[in-house]
Amino acid sequence: MGFNKILIIKLGAIGDLLMATPAVRALKKAYPTAHVSLLVGKSSKMAVNGNPHIDEFIECDDYIIYKGTLLQKLKYILSLIFKIKRKKYDVVFVFHRDWRFNLFAFLCGIPERVGFDRNGEGRFLTKKVMISGIKHNIDQYLEIIKAIGIRDDGKGMDFIISNEAEKAADEILTKKGLKNGDIKIGVLAGGASNIKTEMPIKRWPVENYAELSRKIVADGYKVILLGAESDKLNSEIILRNIINGVIDLTGRTTLEETAAVMKRCKVIVTHDSGPMHLASAVGRPVVSIFGPTDPREYYPLSSDSHYFWNAENIECAPCYKDGRFPDCNDPICIKAVTAPQVHEKLKDIIDARGR
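Let me begin by describing the structure that accompanies this report. Bear in mind the structure is a predicted one, so any value in this text is a computation, not a measurement. (Residues numbered from 1 in each chain as written. Predicted model: local features only at pLDDT ≥ 70, side-chain atom pairs only at ≥ 80, totals over all residues. Heavy atoms only, no water.)

## Quick word on the sheet that holds strand β9 (residues 246-248)
Ordered by their spatial adjacency, six strands build an open sheet running β9-β8-β7-β10-β11-β12, and the pairing between neighbours is parallel. On the outer flanks of this sheet lie β9 and β12 (306-308), each paired with one strand and no other. Adjacent strand axes in the sheet meet at a mean angle of 20°, parallel and antiparallel pairs treated alike. Bridge count between strand β11 (residues 286-289) and β12: three bridges; the pairing is parallel. The residue of β12 that forms the bridge with Ile289 is Phe308. Lying on the sheet, helix α10 (residues 274-281) is in contact with β7 (184-188), β10 (267-271) and β11; it crosses β11 at an angle near 160°. (Pairing = 2+ DSSP bridges. Helix = DSSP H or I, 4+ residues; strand = E, 2+ residues; numbered from the N terminus. Axes fitted to C-alpha atoms, helices over the stretch in contact; angles between N-to-C directions. Contact = heavy atoms within 4.5 Å.)

Dropping the structure here:
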């Protein structure tokens, strides 16, 4: 089966897009002369900027799609349908599980439509992929391309860092007084939010990050706080009672620069979030903390990474299902992971990799 024009539908979020990149890479390698387009939300497109396996980005306003009024959504989606119809794609791979994306692909008039059949939601597809049991999201996306006979070439995620971002990271760290010999630990206490939804119950308590940071500084290592502008309050809490040893870059780096700084860290510590996947994508060991989500579907695959999930005996965990979290005022599942536990694992990884 040969394809000349291929469309992939994956609006976001950042972590989900990164986990889809092994499938995108395998697809392009299987059809090197085909024109591969990605329909992506503008809020998360930065996760795939420069990806060599994507020939064209069709950037859409995902704010309207997820947050607009019903009339705004209908008008905008119709305009997208007409735009995509004119491109006359041979096949579309739908990397969303929601049946509405399958319907969208059908309305675009694309003859071959491959995607997930979650709970019988694949009726608008020509080839349906059912996922049974617990499987990592990277493997789930790979199942879609394997449905048409494509073999994967590994599970490593792709994130491109420009030379400019690499240089900027070095300059930032030098200006902050950090040296090549310093052992740097990246800490990301925020995230777990995207254009579609806020997920505060996925975040490890900031007080735990503060306790952990104090322990790291006491070991003689350097803590680098990273995150978006919206994460600044978390960083301020962590910085309280710590005089030296913490470099706060929260809200001061682009996504590319954040990834470049991560590359210069010995280990990254964070919870289930986009930054967790970004750290894994650039090959850093990640100590990740899970609670309401099943780590077997999301854990970082980078070498020497480790995840904590102390919720095996908590009846309601994991509670995340089909894109939704229940209301929860006391996420005991993620609080079950303690700062001393994470600190000990950090030291083990640093010792194993050499100081």
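Still more to cover.
## Notes on helix α7 (residues 206-218)
Within an α-helix, residues lying three or four positions from one another point in the same direction, as the helix has 3.6 residues per turn. The end-to-end C-alpha distance of α7, which contains 13 residues, comes to 18 Å, matching closely the 18 Å that a straight helix rising 1.5 Å per residue would cover. Along α7, the residues classified as buried are Val206, Asn208, Tyr209, Ala210, Leu212, Ser213 and Ile216. Phi turns positive one or two residues past the end of α7, at Gly220, with a value near 95°. (Expected span 1.5 Å × (residues − 1). Buried < 20%, exposed > 50% of the residue type's maximum accessible area, 1.4 Å probe, protein only.)

## Quick notes on the pattern of salt bridges
On inspection of all chains with the given rule, the structure shows 19 salt bridges. Note that Arg25 and Asp153 form a salt bridge whose closest N and O atoms lie 3.0 Å from each other. Taken together, the residues Arg25 in helix α1 (residues 14-30) and Asp153 in the loop between α5 (137-146) and α6 (163-175) connect sequence positions 128 residues apart. Asp153 gets classed as partly exposed once you look at its relative accessible area, which sits at 37%. With its nearest N and O atoms 2.8 Å apart, the salt bridge here joins Asp55 to Lys28. Remark: Lys28 occurs in helix α1 and Asp55 occurs in the loop between β2 (35-41) and β3 (56-60); sequence separation between them is 27 residues. Overall, the relative accessible area of 11% leaves Lys28 in the buried class. Look at the salt bridges and you will find they share partners, linking Arg25, Lys29, Asp153 and Asp158 into a network. (Salt bridge = Lys/Arg side-chain N within 4 Å of Asp/Glu carboxyl O.)

## Description of unusual backbone geometry
Geometrically, the link from Gly12 to Ala13 is a cis peptide bond, its omega value of 5° lying close to zero. By the secondary structure assignment, Ala13 is in the loop between β1 (5-9) and α1. Following Ala317, the chain continues to Pro318 via a peptide bond in cis, the omega torsion being -5°. Tracing the chain through its elements places Pro318 in the loop between β12 and α11 (332-335). In this structure, Asn119 takes a positive phi of about 50° despite not being glycine. Examined against the element boundaries, Asn119 turns out to sit in the loop between β5 (112-116) and β6 (127-129).

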